Amino acid sequence: MFSKMSTLFGVVEKSKLEWMDLVAVIYDDGYGKQIQTYNQLFSIAEQISGTLGKHVMGNSVVAICRDTDQFTPSILCGILQSGCAFFSFDKHGIEGAVNSFSCMDVGAIMVQTNYAEVINCLMLKFQGKLEITTDSCLASLGLFLLKMPHRHKMKDIAYCITTSGTTGQRKLIKVPHNCIIPNIAHIRSIYDLKCNDVVLLCSPLTFDPSIVEIFVTLSCGACLLIVPEHVKLQSKKLLSLIYRQNKVTVMQATPSLIQRINTDDLKNTILSGTSSLRILALGGEEFPPLSQMRSWLGADNRTQLINLYGITEVSCWSFYHCLSEKETWNDEGVPLGRPLSQSEYKILSREGVEVTQGEGKLYLGGCGRQCIVDDKIQNFVDSGDFVKIDNSGRIIFIGREDRQVKRNGCRLNLGEIEKIALAETRVSGCKVLMNEGKLVLFVVSKQDDESPGIQEYLRTVMKRKLPRHYLPDEIIPVDEIPITKHGKCDFKALLEHSLQSWDKNGLQCTSIENSVRLEWKKLLGSCVETNDSNFLESGGDSLTAVTLAQAIENQFNLSASYLVDTILHKSFNDIISCIEKYANTGQVILKKKKRESPSEEVLVNIGEKKVKVESIRTLWSPCSCIDSAVMRGNQYFCVQCTGIIRSDTTKLHYHGNMGTEPVHASLLEEPSRSPSAQTSAELLSQKYGETVTRQADAPNSVWLSQNWSLDTGKCVDASPLIVQARSGLHEVFIGSHSHHMFAVVAESGELLWKTRLGDRIESSASVSMCGNYIIVGCYDGGVYTLSRATGETIWMYKTKSAVKSSPAVDTRTGWIYIGSHDHHIYSLDIQKKICRWRVDLDGGSLFSSPSLCSHYVCVCSLSGCVAAIHPTSGHIMWTYSTGKPIFSSPTITPTGPCVGCVDGKLYQLDHHGYLIWTFETSAPIFSSPVQLPVLETYCTKTENPSILIGSHDCCVYCVSSEGREQWRHKTSDFVYSTCFCFGDILNKPAFQNEREKQQSVSNIQNNQCMLSNITNHSKDANSDRMAGMGLKYCVVPSKDGKMTVIDMNTGREVSSIQLPMEVFSSPVVIGNLLIVGCRDNNVYCLNIMQK
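Residues numbered from 1 in each chain as written. Predicted model: local features only at pLDDT ≥ 70, side-chain atom pairs only at ≥ 80, totals over all residues. Heavy atoms only, no water.

### Description of the overall build of the chain
For the chain, the helix and strand inventory stands at 24 helices and 65 strands. Looking at the chain as a whole, 63% of its 1091 residues qualify as buried. In the chain, of all internal contacts separated by at least 6 residues, the share reaching a separation of at least 24 is 61%. Summed over its atoms, the accessible surface of the chain is roughly 42,500 Å², and 47% of this surface lies on carbon and sulfur atoms. (Helix = DSSP H or I, 4+ residues; strand = E, 2+ residues; numbered from the N terminus. Buried < 20%, exposed > 50% of the residue type's maximum accessible area, 1.4 Å probe, protein only. Contact = heavy atoms within 4.5 Å. Areas by Shrake-Rupley, 256 points an atom, 1.4 Å probe, with all protein chains shown as cover.)

If you want it as structure tokens, here you go:
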């Protein structure tokens, strides 16, 4: 059948009609699945083909630099359908890839939009001659197309690939269609693939087994499972995805990848008696010893084990051997097996004579398996491997040429030492290397091995079983054998480990790198794979990054403010360089000294102007204006009521003749607290200067229940933005890791629109001053301006790294302020679609969100810098350093900026940037402070609002304006998110019946005003809130998903509800509705009811 199909795309094209409704691809990162049918796959492929047809000449090569996900097969098929070939390259190998472009006639380059460094490198390399283009199809896939200058055509090539270089110089291989098709056809028949099979994409696109995995799967209507590359290095998570969650039936992997997995875990999962895994094919390295293989197999396991052998120069696999059950239980060598279709071979002695029995070097080729290697075509290619033909005619692998070494005048095979070690029950894995004449054995002990002295034990065994010249000079225990991104043993990393662990006298020594590796392993449960390993991609998060930084600082007595930022965003090698820099310079972060609180009249210099800062009135609850908005942390935004009303607690009076009108803030009367309403606990606290624990009042009857939920497809870490619609209802805007932004009716959960951005979204949205646009940051580095009505992208401004910060809107100018992980804060004018200014904030990434007051923008960085920036000029007015990273977003109190820090402290500064006080918790603070009055039932005024702050010590604190603890509440887990406070609740439901619910949605979509009970309900709710002004309750989200309502007067729990998974989103309350995101992929709306 395949013989009639002349192209690689032709092999899979029949799937379009035969299996159009079946699932073609599943992308599972452990948080959620993205599913694509064959119909969807080929629809996207056709769009890609159409785009390339407009911009790229046929028979060109299209280079791709992109993360592997559910769209990867569609992109490859689209390139092939257009008549082009593809070449995948890694963003870390950009220099080597660019040098190969001229040799393969690259006509265009597809680059992921957030790969700014790759794009910049390409533009510099080609001196700006690349033409960058995109269209709706490319944009939806997060791609730019860079058109190359005119290139010559290259006929009949399916793809180009480079060898890994693990055995010498990298080679460029051009693979014709007629070379790879026989391989795919024969492998498919060996695996006996059916449309109900699930095949794991185990190899990266830069390793040629991935081509077989993808196209073998698609050629028979089976399902391809794709997981992120970093998950493959986390054994337990990988097993969970392939065994429990997706029931993989076929897996093609390197032995090193499987050897990293604990033996008991293998027996109990993919190699158990109940495993769904039909086929486990191992290739790319020598097949493991059968003694080790037997230890992997659980009772009654029926998985077919296959030995695959081949080289990239002849398009992947050339031999296969299916192990019988009888073979599994003897200790003879596993043969290479039979040649695949159209594969030929010959074995030559060192003298070049063909061998029919005995040892020789293996050469591979065949008329139908000829690739173009470095622009040369050879009938047979040197594999670099030695084999032997035994008496039965079987071909047995001996070892690679570079693993045959001479020592003391005698030749030895390093693989023989490994076989002896692996035969021992105490050994889980091992590798041997020769370095400067020293033979070193690296050994991994089994997890249940508690016996001491593995080195002495192995030396005794080897003296008994091996000749003298085979005995290792050193035996070094390691936690894991490092692997390359292709899944093979990383001998370079082992060599580095050897050099760093042993000094010239052979004595073990301590180094910065070894210490960091140990801490890394302790926190993540897995070793550093390579020097390019990224902490987040290896399973870390913000908290563990802080923990790692603290451990390093304590061990080396450092104060390294940039260390957490480096851990989160750079490679392992960069982390070591950062530590060495601090260690060598002995750098200490200097902080501004604490000074007395400023007097009531504070003059601030802004340019040549003198500005007086004084307390103003503040609105503590949402108003009823159209387009008014509510955001996390009790931020209320309304242009009609003059701007951001959470933290705009300062206004300006100009002194002198300045030629401009003063800026006044016209806000509603601020609720403040009368002395007569103070509790006895507070009076005692003021008298004695101590914190007195309050006694519980009678509990209020408040309860939570689920109203609706929306499945976004991936976890939701962003927080909701809620905007008052003209209909009287409210619109919720929120993004998720699915790359989508959603607009939902708060009262009903009905979806208004969703739109796809370039990458996942953790930024929380804001609404523009005119009310027509939604602004949000994205992991692709973009700051997106979307139509509030349709979700259409109006403008996208590109920063140079991920944007996790949330935008702040200046109501005087309409400008947007937002931070990026490229270390800059940006001021964007969305009306004119320009960047007004950008400022590098002390070299640290900006995770937290800016906060505005009338005369400066306050912003914080992961380097620990707090800065005040002039809103129109971008001039840095002052800075303060905490010396530790800041993830928390600041709030601006009447005194000045207040922000939490990972050192566990809450910092209160004044408007000059001087420290007023700190409040200390016992663990890092990631949550943002909420500035709110803590009121008794009938209190109406307050001069100095209290601060609510959550901590990773599993507590939320109420702190007075003087920095004293008023109360604390113990939570069930870390408090990562930001609290939200609210007052009395109306118990009237949002809708009386389903008909009313449907009518409301129809009215919103038609942009009609609602003259119904819904409108009346909304007005009543707003009137009640405005009248009451008493914020009696606070909702506290714990990391474990528990949402707790506490009494603001006592700090005691009055109600709670448990969400299914972790919560990093911050809740927002409007009326009797609570909206929050969850890591189970859903946005939840909860009813808050009060009796």
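### A few points about the packing of helix α3 (residues 38-55) against helix α4 (residues 72-81)
Running from N to C, α3 and α4 point in directions that differ by 45°, and their axes come no closer than 7 Å. As the angle between them shows, α3 and α4 are arranged oblique. Here α3 runs over α4; the crossing is right-handed. Contacts from Leu41, Ile44, Ala45, Glu46, Ile48, Ser49 and Leu52 in α3 reach Pro73, Ser74, Ile75, Cys77, Gly78, Ile79 and Gln81 in α4. (Axes fitted to C-alpha atoms, helices over the stretch in contact; angles between N-to-C directions. Parallel < 35°, antiparallel > 145°, perpendicular 65-115°, else oblique. Left-handed = near helix turned anticlockwise from the far one by under 90°.)

### A look at the pattern of salt bridges
The tally for this structure, following the rule as stated, stands at 25 salt bridges. Residues lysine 361 and aspartate 382 are paired through a salt bridge, measuring 3.3 Å at the closest nitrogen-oxygen approach. One end of the pair, lysine 361, is in strand β18 (residues 358-365); the other, aspartate 382, is in strand β21 (residues 380-389), and 21 residues separate them in sequence. Lysine 361 gets classed as buried once you look at its relative accessible area, which sits at 12%. Given a relative accessible area of 32%, aspartate 382 falls into the partly exposed group. (Salt bridge = Lys/Arg side-chain N within 4 Å of Asp/Glu carboxyl O.)

### Some points on the sheet that holds strand β49 (residues 865-869)
Strand order in the open sheet formed by 4 strands is β47-β48-β49-β50, with antiparallel pairing between adjacent strands. Where the open sheet ends on each side, the last strands, each with one partner, are β47 (851-852) and β50 (876-881). Pairing between β47 and strand β48 (residues 857-860): 2 bridges, direction antiparallel. If you follow leucine 852 over to β48, its bridge partner there is valine 857. (Pairing = 2+ DSSP bridges.)

### Description of unusual backbone geometry
Glycine aside, residues mostly have negative phi angles, and peptide bonds mostly take the trans form. Not every positive phi belongs to a glycine, and aspartate 300 is a case in point at roughly 65°. Overall, the relative accessible area of 58% leaves aspartate 300 in the exposed class. The phi angle at serine 315 is positive, at roughly 55°, despite the residue not being glycine. Tracing the backbone shows serine 315 in the loop between β14 (304-311) and β15 (316-322).

### Some details on the packing of helix α8 (residues 177-191) against helix α9 (residues 209-218)
The interhelical angle for the contact between α8 and α9, taken along N-to-C directions, is 65°, at an axis separation of 10 Å. Pair α8 / α9 crosses with right-handed handedness. In this structure, α8 uses Ile180, Asn183, Ile184, Ile187 and Arg188 to contact α9, whose residues at the interface are Ile211, Val212, Phe215 and Val216.

### Details of the packing of aromatic side chains
A complete count under the given rule lists 24 aromatic pairs for this structure. Measuring from ring centre to ring centre gives 5.3 Å for tryptophan 520 and phenylalanine 535, while their planes differ by 90°; the resulting arrangement is edge-to-face. Here phenylalanine 535 lies in the loop between α18 (512-524) and α19 (542-556) and tryptophan 520 lies in helix α18, a separation of 15 residues in the sequence. Through pairs of rings, three or more aromatic residues link up here, namely Phe847, Phe887, Phe926, Tyr976 and Phe1064. Here the basic side chain of lysine 247 rests over the ring of tyrosine 243, its NZ or CZ set 5.5 Å away from the ring centre. A cation over an aromatic ring shows up here: arginine 426 above the ring of tyrosine 457, its NZ or CZ 4.8 Å from the ring centre. (Phe/Tyr/Trp six-rings, centres within 6.5 Å; stacked < 30°, edge-to-face > 60°. Lys NZ or Arg CZ within 6 Å of the ring centre and 35° of its normal.)

### Quick look at the environment of glycine 1077
Relative to the elements of secondary structure, glycine 1077 occurs in strand β64 (residues 1073-1077). Placed 11 residues apart in sequence, glycine 1077 and serine 1066 show a C-alpha to C-alpha distance of 7.5 Å. Residue contacts for glycine 1077: discarding those within four places in its chain leaves Val716, Val1063, Ser1065, Asn1082 and Val1083.

### Things to note about the sheet that holds β18
A sheet is described by the order of its strands in space; here 4 strands give the open sequence β17-β18-β21-β22, paired in antiparallel fashion. Looking at the sheet topology across the chains shown, the edges are occupied by β17 (344-348) and β22 (395-400). With strand direction ignored, the average angle separating the axes of adjacent strands in the sheet is 45°. Pairing of β21 with β22, which is carried by 5 bridges, proceeds in the antiparallel orientation. Across the sheet, the residue bridging to aspartate 385 is arginine 400, located in β22.

### Quick notes on the side chain of threonine 254
In this fold, threonine 254 is placed in the loop between β12 (250-253) and α11 (255-259). A residue is classified by how much of its surface remains accessible, and threonine 254, at 4% relative accessible area, is buried.

### Structural notes on α3
Here α3 spans 26 Å end to end across 18 residues, near enough to the 26 Å set by a 1.5 Å rise per residue. Along α3, the residues classified as buried are Tyr38, Leu41, Phe42, Ile44, Ala45, Ile48, Ser49, Thr51 and Leu52. (Expected span 1.5 Å × (residues − 1).)

### Considering the environment of tyrosine 797
Secondary-structure assignment places tyrosine 797 in strand β42 (residues 793-798). Sequence-wise, tyrosine 797 and lysine 833 are 36 residues apart; in three dimensions their C-alpha atoms are separated by 8.0 Å. Setting aside anything within four residues of it in sequence, one finds tyrosine 797 in contact with Gly781, Gly782, Val783, Tyr826, Leu828 and Cys835.

### Remarks on the pairing of strand β11 (residues 223-226)
Neither face of β11 is open: one carries Cys223 and Leu225, the other Leu224 and Ile226, and all of them are buried. By the bridge criterion, 3 bridges tie strand β1 (residues 23-28) to β11 in an arrangement that is parallel. The partner of isoleucine 26 across the bridge, within β11, is leucine 225. With α9 bridging strand β10 (residues 198-200) and its parallel neighbour β11, the resulting β-α-β unit is right-handed. (Right-handed = clockwise from strand over helix to strand, strands pointing away.)

### Focus on helix α16 (residues 454-465)
Between its first and last C-alpha atoms α16 spans 16 Å; for 12 residues at 1.5 Å apiece the expected length is 16 Å, and the two agree. Along α16, the residues classified as buried are Ile454, Leu458, Val461 and Met462. When α16 is viewed along its axis, its buried side chains cluster within an angular range of 95° and face the same direction. Set apart from the buried face of α16 by more than 90 degrees, the exposed residues are Glu456, Lys463 and Arg464. (Arc of directions from axis to C-beta.)

### A closer look at the pairing of strand β2 (residues 33-37)
Pairing analysis gives 5 bridges linking β1 to β2, with the strands arranged antiparallel. Across the sheet, residue tyrosine 27 finds its bridge partner in β2, namely glutamine 34. Hairpin connection, β1 to β2: the antiparallel pair is bridged by 4 residues, and glycine 30 has positive phi, about 95°.

### Digging into the confidence of the model for the chain
Looking at the chain, the pLDDT average stands at 79 and 80% of residues meet or exceed 70. Below a pLDDT of 50 lies the segment residues 502-510, which in the model reaches 12 contacts outside its immediate sequence neighbourhood of four places, other chains included. Here residues 642-699 scores under 50 on pLDDT; set against residues more than four positions off or in separate chains, the count is 155 contacts. (pLDDT = per-residue confidence, 0-100.)

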